[in-house]
Amino acid sequence: IDDDTFCRIFAKVRQVAEELEKEGLEHPSYFEFLYGMGMLAFEENDAEYIVLETGLGGRLDATNSFENPFLSVITSIGLDHTEILGDTIEKIAGEKAGIIKKGTPVVIGEATEETRPVFAGKAEEMHAPIVFAEDDNRILKAENSDNGLLYETREYGCLQGELGGYYQIKNTNTILHALSQLIALEYAIKEENIRHGFARVNELTGLMGRWQKLSDHP
């Protein structure tokens, strides 16, 4: 997004925020304000697909105002922000499960004995198809390579991932399940684009520096 568009959209959202304050509502937080700007920018540019990441929790997060997603994905759950989300893993899972929408498929990347029934119960309540990625590992093998992790996968055979760290195996398995759900919904995702996305994730997302290899020397 260019600077001029950013400033113009900022002014529009600020005007709305000021009007809401006059009506007695609180000024939106930084995250809420930026989310509003993002959604306006997407609308103006007729974005075909949007990936939204929740800022905090899920149930009361600004991103949860988006009513009809194609797919919901919940990754790992930890004891974070307990003063807001609750002091047990079950309570936090309940907040995260708030993004599960009626009839919308949901992929759970990591579940524990405490969180699994929370997610399953919410999915049943919302009549949402649920997949626990850990129950079906689509990665047959993973090993270090010069460019990150090299995977042997069920669907795509050999798949090069740019990000290192063996915890990425769980993340990649979650992504493979999410892709499978989208493809089942008849969204045309080309295998060549999947391969390119895994192999060039830093470049495509602007995250240079994350597991970026600078030298072969210690």
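Bear in mind that the values here come from a model prediction, so they are computed numbers and not experimental data.

1. What about the pattern of salt bridges?
Tallied over the entire structure, the rule returns 13 salt bridges. The salt bridge partner of Lys170 is Glu134, with a shortest N-O separation of 3.7 Å. One end of the pair, Lys170, is in helix α6 (residues 168-184); the other, Glu134, is in the loop between β3 (130-132) and β4 (139-145), and 36 residues separate them in sequence. You can call Lys170 partly exposed: its relative accessible area is 44%. Salt bridges sharing common partners tie together Asp136, Arg138, Arg154 and Glu155.

2. Some thoughts on the sheet that holds β3
Remark on secondary structure: sheet strands pair via backbone hydrogen bonds, oriented parallel or antiparallel. Here we have three strands laid out as an open sheet, ordered β1-β2-β3, and parallel in their pairing. Two strands in the sheet have a free side with no partner beyond their single neighbour: β1 (72-74) and β3. On average, each strand axis in the sheet is inclined to that of its neighbour by 15°, with strand direction left out of account.

3. A short note on the environment of Lys141
Relative to the elements of secondary structure, Lys141 occurs in strand β4. The sequence separation of Lys141 and Cys158 amounts to 17 residues, and the corresponding C-alpha distance is 9.4 Å.

4. Digging into unusual backbone geometry
Positive phi outside glycine occurs at His81, with the angle close to 50°. Within the fold, His81 resides in the loop between β1 and α3 (82-85). Even without glycine at this site, Glu186 takes up a positive phi of about 70°. Looking at the secondary structure, you find Glu186 in the loop between α6 and α7 (191-199). Residue classification places Glu186 among the exposed positions, given a relative accessible area of 74%.

5. A closer look at a negative patch on the surface
Judged by side-chain charge, Glu18, Glu19, Glu21 and Glu23 come together as a negatively charged surface patch. When you line up the elements, Glu18 lands in helix α1 (residues 3-22).

6. Brief notes about the sheet that holds strand β5 (residues 148-153)
A sheet is described by the order of its strands in space; here three strands give the open sequence β4-β5-β6, paired in antiparallel fashion. Of all the strands in the sheet, just β4 and β6 (157-161) have a single pairing partner and so form its edges. Going across the sheet, the axis of each strand differs from the next one's by a mean of 20°, ignoring polarity. Relative to β5, β4 runs antiparallel, the two being bridged by six bridges. Bridged to Glu143 within β5 is Leu150. Contacts from α6 reach β4, β5 and β6, with the element oriented near 45° to β5.

7. A look at the pairing of β6
Inspection of the sheet shows β5 paired to β6 by five bridges, in the antiparallel sense. Considered in β6, the bridge of Leu150 is made with Gln160. Here β5 folds back onto β6, and the loop between the two strands holds three residues.

8. Here we look at a nonpolar patch on the surface
A grouping of Ile1, Phe6, Phe10, Tyr30, Phe31 and Leu34 is seen on the molecular surface, where their side chains present a nonpolar patch of about 630 Å² in accessible area. Contributions of two or more residues to the nonpolar patch are made by α1 and α2 (30-44). Here the nonpolar patch takes three residues from α2, the largest share from any one element. Residue placement: Leu34 occurs in helix α2.

About the thresholds
Residues numbered from 1 in each chain as written. Predicted model: local features only at pLDDT ≥ 70, side-chain atom pairs only at ≥ 80, totals over all residues. Heavy atoms only, no water. Salt bridge = Lys/Arg side-chain N within 4 Å of Asp/Glu carboxyl O. Helix = DSSP H or I, 4+ residues; strand = E, 2+ residues; numbered from the N terminus. Buried < 20%, exposed > 50% of the residue type's maximum accessible area, 1.4 Å probe, protein only. Pairing = 2+ DSSP bridges. Axes fitted to C-alpha atoms, helices over the stretch in contact; angles between N-to-C directions. Patch = residues over 30% accessible without salt bridge, like charges linked within 9 Å, V, L, I, M, F, W, Y side chains within 5 Å. Areas by Shrake-Rupley, 256 points an atom, 1.4 Å probe, with all protein chains shown as cover. Lys, Arg positive; Asp, Glu negative; His and termini not counted. Charge placed at Lys NZ, Arg CZ, Asp CG, Glu CD. Contact = heavy atoms within 4.5 Å.

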